Structures are given as C-alpha cells and as structure tokens.
Amino acid sequence: MSLSVLRKISSLSTDLKEIMAKKIDEHRKVVQEFREKYGSKVVGKITIDQMYGGMRGMKCLLTETSELDPEEGIRFRNRTLPECLEQLPKAQGGEVPLPEGFFWLLMTGDIPTYEQAKSLSQQWAEQAELPPHVVTILNNFPPTLHPMARFAAAITACNTESVFAKAYKEGAPESRHWEFAYDDAMSLLAKLPSIAAIIYRNTYRKGSSICAADPAKDWAHNFALMLGHENPGFIEFMRLFLGIHSDHEGGNVCAHTVHLVGSALSDPFLSFGAGMNAFAGPIHGLAIQEVLVWITKLMERYGPDVTEEQLKDFVWETLKSGQVVPGYGHAVLRKTDPRFTTQHNFAMKHLPNEHLVKIVSTVYKVVPPILREYGKVKNSWPNCDAPSGVLFRCLGLKEMQFYTVIFGASRALGVMASLVWDRALRLPMEQPTSVTTDELMQLAGAIKKTGHFEERKVNYLQ
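Residues numbered from 1 in each chain as written. Predicted model: local features only at pLDDT ≥ 70, side-chain atom pairs only at ≥ 80, totals over all residues. Heavy atoms only, no water.

Novice: Give me the environment of Met-58: which residues, what numbers.
Specialist: Following the sequence through the fold, Met-58 ends up in the loop between α3 (48–52) and β1 (66–69). Note: C-alpha distance between Met-58 and Phe-402 (344 residues apart in sequence) is 33 Å. If we skip the residues at most four places from it in the chain, Met-58 touches Ile-46 and Gln-50. (Helix = DSSP H or I, 4+ residues; strand = E, 2+ residues; numbered from the N terminus. Contact = heavy atoms within 4.5 Å.)

So, in structure tokens, the structure goes:
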C-alpha cells in the first residue's frame, strides 16, 4: 500500500488504532530496509566529557515523535510549534489547538481533522473513571506528601488495569505488543485528569468530589472542570499548555526514563509512573514552580512595581550567590524557547495588565544581557518554565506545588506516543555498556594496564 493511499485513509477514519496499524506495518518495512543497508554506519563520536557530563549531545536514542533543534526549538513530527499552532484543530470557538490534535500528530505524523481529535476526547472521557483501589490510595495519602509523589504512586497503582501486562502474561506475540501498549496509553491518558483532580481537591479543597468527565467536552476542558475552574480563559490556557508541552524529544530525563523502563516490557502505567518520579526533580519538571518562587521573592523585596534597576540588582545578587535565574537557560536550545514565546503572547493578549505578567516581560528584557555579561551560561534566553507558573496564578490556580502535576499530564501525550512506537518497532531492552574511570584512563592512554592501579604509570600526572 502506497504512502499516498495511507494518508488518504488517515484523513478519513476517526479510528486512531486502525490508522496506527497501517502506519506501523509500513514503517517497520522502512526501518528494516534502512538498517540492512546502513546499520553499520557511524553517526557520531562520544567523548569522555560527554560520559561525565550527563551524556549530553550523544546521539544514542531513537524517538520518532519529535526532535529538538538548538536554533529552531521543538519540532513535532517535523513541524515547528508555530506550524502546529496554525494547523492543528481547535475547540469550537477556541483560538488554540486541542491537545488531542498534538497526540494524533505525534502518533501518526498527520494533522488530524477536528472529528478525529474529538474522537479522542470522547474515548478519554469514557475511560476517565478510576478503579476504586486507586481512589482509596489517593484519599489515604498524608497531606504533607508532595502532589507529584502522589501522582506517580497513583499512576503506578493503575497497573491493575493494564491490558499490556495481561496480554504479555498470556503469551501475546511481540508483533502485537504495540496494540496493547496503545490500549494502555489511551487508558492512562484518560485517567490522568481524574488522578490529578483528586490530588488537587484533597490537598487544596478539603476533599471535595470531582465531576465526571463529559464525552461532549475536550480533554483539557474536562480537566479544568474537574479541578473546579470554569473560567473560559483558564480552560483555553489549559488547552495551550497541555498541547505545547506534550513532547520534547526522547533524551530529557522523563522521556528517557519512560523509554528505559518500558524497554524491559514494563507496562505503560509502570513506565509512566517511573517517568513522573524523574519529572519531579527540581531541575526538571519541578522547575516550573521555582520561577514563581523567585518572582515572589523579588516582589516581596521591591513590591509589584519593580523597576528595571531593582531587577538588575536582584538578578546579579542571585547569580553572585551561586544560584541560577530560574526559567532561563536550556541544555540544548540556543535561542528563546518557542514555548515561552507562545505563552508570553497568550499572556500579553489576555492578561496584559497583570503585575506578574509585566514582571515576566521586564525579566525577559533585563536577564539575557546580564547572563551574556556573566559569561557562565551557554543560553541566555528564557525556556518554557519562565511564564507558565505566572499564567496559572493569574488565571486562578494559585497552588504552585500542583503546577508540575499538570505539566506531567501534558508530557504523557508525547512519551506515550513514543512508547507505543517503541513496541511497534520492537526495540530491545536498553542496556548500554558502562566503564569505570580506571578503564577510561586506560583507553585514553592516561595510565598503563600493568597490574594494580597503584603500580601503574600515571602519564597525565607527569
């Protein structure tokens, strides 16, 4: 079957799984032919610094869904964020794309129709109810436990619902693993708003009950209502936030963790639970709240009408104390993160008079020149975290410890799409070879292999 015929089928059917089956068959053939011809080709070199430096820049992971360009930012299936914002279907009367459209694009590489995106909304609403034991677990967590810890634990407990685990136990052939991973991914995405909303209401709303998901409403709309937020501006921002943060290539800590755990054929619930534990790190997903903490301290000192000169003093004080300016810098990007620009544009259109929004704009003006003068950062520009917490607060969600939970739900769209493709391509268990510093020294010629370490000639010390 030709690719043109596949695309025509994809544009007509609203059954994502049926479309995936056809695309996977075609892509498996492409990958097999490519590996047979080019499998031994060398595509990069690994340095000792990269091994000690968190493996940054090492081209050693396969991710079909997105790529991160240092100059252009994230590309979803080879489409830039501005292209996605323009082309993906929007809610009726809305101005931003539906997260369901991002998921369809990440799964298939195709821009879905509105009907195709809405078919996902309906399926996720129909599967949103949680098993009773998960609700019990959520209701028995101590209030002092961080929302992200509860989020990861509840997701893991949904393992009882795993179609993948049951099929594997019953001996399902490897060629069909992707189908069961797909079923679990859909179930997981459906349940995330319910899990998050119970955590939110137990922590901040005295345990009030959540509303049931409405199949007539989209995923973000139901999510917002479950949290108790009916403001149209908040609902629209939820759609934007959940979509633009859905994927960020496969090497970030969360995505890599999901891929790694999934490579052992752990089901998607276990894999994503592990990914959320990684995402909860203060220099990963939790960074979204660090920006608001820093801005809050700034306002406590100078008030809401902080001047540029006061801000400059505060930034220099932050840097000279050995801390970073949260929301600025990125491991890969070398320009302003398009996700920052997208959110900043939303803020300037809908919330231009908010003091916090004005401060974000002033920080954007002041910080990059200082960081370039400081000279210890490779990227002086803002990342996606810089405006997110401010927007949530201005739109009524003031509990900053909860922001990363929403961020994590967003990232599920990308990592679940990647995990389904991992199983579709039958990727093996990830198991790179490790070496010791001693072995590296031998390989680099820094020491000779002549018995015990103490007896070796240490060339680099002479």
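Still more ground to cover, so stick around.
Novice: I'd like a description of helix α2 (residues 16–38), backed by residues and values.
Specialist: For α2, spanning 23 residues, the distance from its first C-alpha to its last is 31 Å, which sits close to the expected 33 Å at 1.5 Å a residue. Between the side-chain oxygen at the start of α2 and the backbone nitrogen of Lys-17 there is a gap of 3.1 Å, and the oxygen is on Asp-15. (Expected span 1.5 Å × (residues − 1). Polar contact = N/O pair within 3.5 Å; in protein donor to acceptor, adjacent residues only side chain to side chain.)

Novice: A description of the pairing of strand β2 (residues 73–76) should follow, citing residues and the corresponding values.
Specialist: In the sheet, β1 pairs with β2 via four bridges, with the strands oriented antiparallel. Within the sheet, the bridge partner assigned to Asp-69 lies in β2 and is Gly-73. Here β1 folds back onto β2, and the loop between the two strands holds three residues. Bridge analysis of β2 against strand β3 (residues 79–80) gives two bridges, and the strand direction is antiparallel. Looking across to β3, one finds that Phe-76 is bridged to Arg-79. (Pairing = 2+ DSSP bridges.)

Novice: Explain the nonpolar core residue by residue, including any values.
Specialist: Within the largest apolar cluster, 126 residues are counted, with the highest numbers of intra-cluster contacts made by Phe-103, Phe-151, Met-238, Phe-272 and Ile-406. Top contributing element to this core by residue count: helix α10 (residues 177–204), with 16 residues. Both domain 1 (121–283 + 402–425) and domain 2 (285–395) contribute no fewer than three residues apiece to this core. Every residue in contact with Ile-406, bar those within four places of it in the chain, is listed here: Phe-223, Leu-227, Met-238, Phe-241, Leu-242, Phe-392 and Leu-397. (Core = buried A, V, L, I, M, F, W, Y, C linked by side-chain atoms within 4.5 Å. Buried < 20%, exposed > 50% of the residue type's maximum accessible area, 1.4 Å probe, protein only. Domains from an automatic or database assignment.)

Novice: Quick one: what's the story with the UniProt feature "active site" (unreviewed entry) in the chain, residue by residue and with numbers?
Specialist: Here, UniProt's "active site" (unreviewed entry) annotation points to His-284, His-330 and Asp-385. Maximum C-alpha separation among the annotated residues is 10.8 Å over a sequence range of 102 residues, consistent with a single clustered spot. When residues no more than four places from it in sequence are discounted, the contact partners of His-330 are Leu-68, His-248, Arg-339, Asn-379 and Asn-383. You can see Asp-385 is positioned in helix α19 (residues 385–394). (UniProt positions renumbered as here; feature names shortened; annotations may be inferred.)

Novice: Give a detailed account of unusual backbone geometry, specifying residues and quantitative values.
Specialist: At Arg-77, a position not held by glycine, the phi torsion is positive, near 50°. For Arg-77, the location among the structural elements is in the loop between β2 and β3. With a relative accessible area of 18%, Arg-77 lands in the buried category. The phi torsion at Lys-206 lies on the positive side, around 55°, for a residue other than glycine. For Lys-206, the position within the fold is in the loop between α10 and α11 (219–227). Under the relative-accessibility criterion, Lys-206 is labelled exposed at 85%.

Novice: Give a detailed account of the domain arrangement of the chain, specifying residues and quantitative values.
Specialist: By a widespread convention, an interface's size corresponds to the accessible area lost as its parts come together. Under the domain assignment used here, the chain contains domain 1 (121–283 + 402–425) and domain 2 (285–395). Across the boundary between the two partners, domain 1 contributes 22 residues, which contact 20 residues of domain 2. Between domain 1 and domain 2, the buried area comes to about 1,900 Å², and carbon and sulfur atoms account for 72% of it. Considering only the surface of domain 1 that becomes buried against domain 2, Phe-237, His-248 and Tyr-403 emerge as the three largest contributors, covering 34% of it. The interface formed by domain 1 and domain 2 includes zero salt bridges. Applying the counting rule to domain 1 against domain 2 returns five residue pairs in polar contact (both at pLDDT 80 or more). Elements with a minimum of two residues in the side of domain 1 that touches domain 2: α12 (232–244) and α20 (403–424). With eight residues, α12 is the single largest residue contributor to the side of domain 1 that touches domain 2. (Buried area = accessible area lost by both parts, 1.4 Å probe. Salt bridge = Lys/Arg side-chain N within 4 Å of Asp/Glu carboxyl O.)

Novice: Could you give an account of the sheet that holds β1, naming the residues involved and the relevant values?
Specialist: Spatially, β1-β2-β3 is the arrangement adopted by the three strands of the open sheet, whose pairing is antiparallel. Each edge of the open sheet is held by one strand with a lone partner, namely β1 and β3.

Novice: Please set out a nonpolar patch on the surface residue by residue, giving values where relevant.
Specialist: On the surface, Ile-46, Met-51 and Val-435 cluster together into a nonpolar patch covering about 250 Å² of accessible area. Relative to the helices and strands, Val-435 resides in the loop between α20 and α21 (437–444). By relative accessible area, Val-435 is classed as partly exposed at 33%. (Patch = residues over 30% accessible without salt bridge, like charges linked within 9 Å, V, L, I, M, F, W, Y side chains within 5 Å. Areas by Shrake-Rupley, 256 points an atom, 1.4 Å probe, with all protein chains shown as cover.)

Novice: So what about the packing of aromatic side chains? Which residues, and what values?
Specialist: A complete count under the given rule lists 18 aromatic pairs for this structure. With a centroid separation of 4.8 Å and 80° between ring planes, the pair formed by Phe-279 and Phe-407 is classed as edge-to-face. Highlighted residues: Phe-279 in helix α14 (residues 268–279) and Phe-407 in helix α20, separated in sequence by 128 residues. The same class applies to Phe-279 as to Phe-407, namely buried. Put simply, the rings of Phe-234, Phe-237, Phe-241, Phe-279, Phe-346, Phe-392, Tyr-403 and Phe-407 pair up and form one aromatic cluster. (Phe/Tyr/Trp six-rings, centres within 6.5 Å; stacked < 30°, edge-to-face > 60°.)

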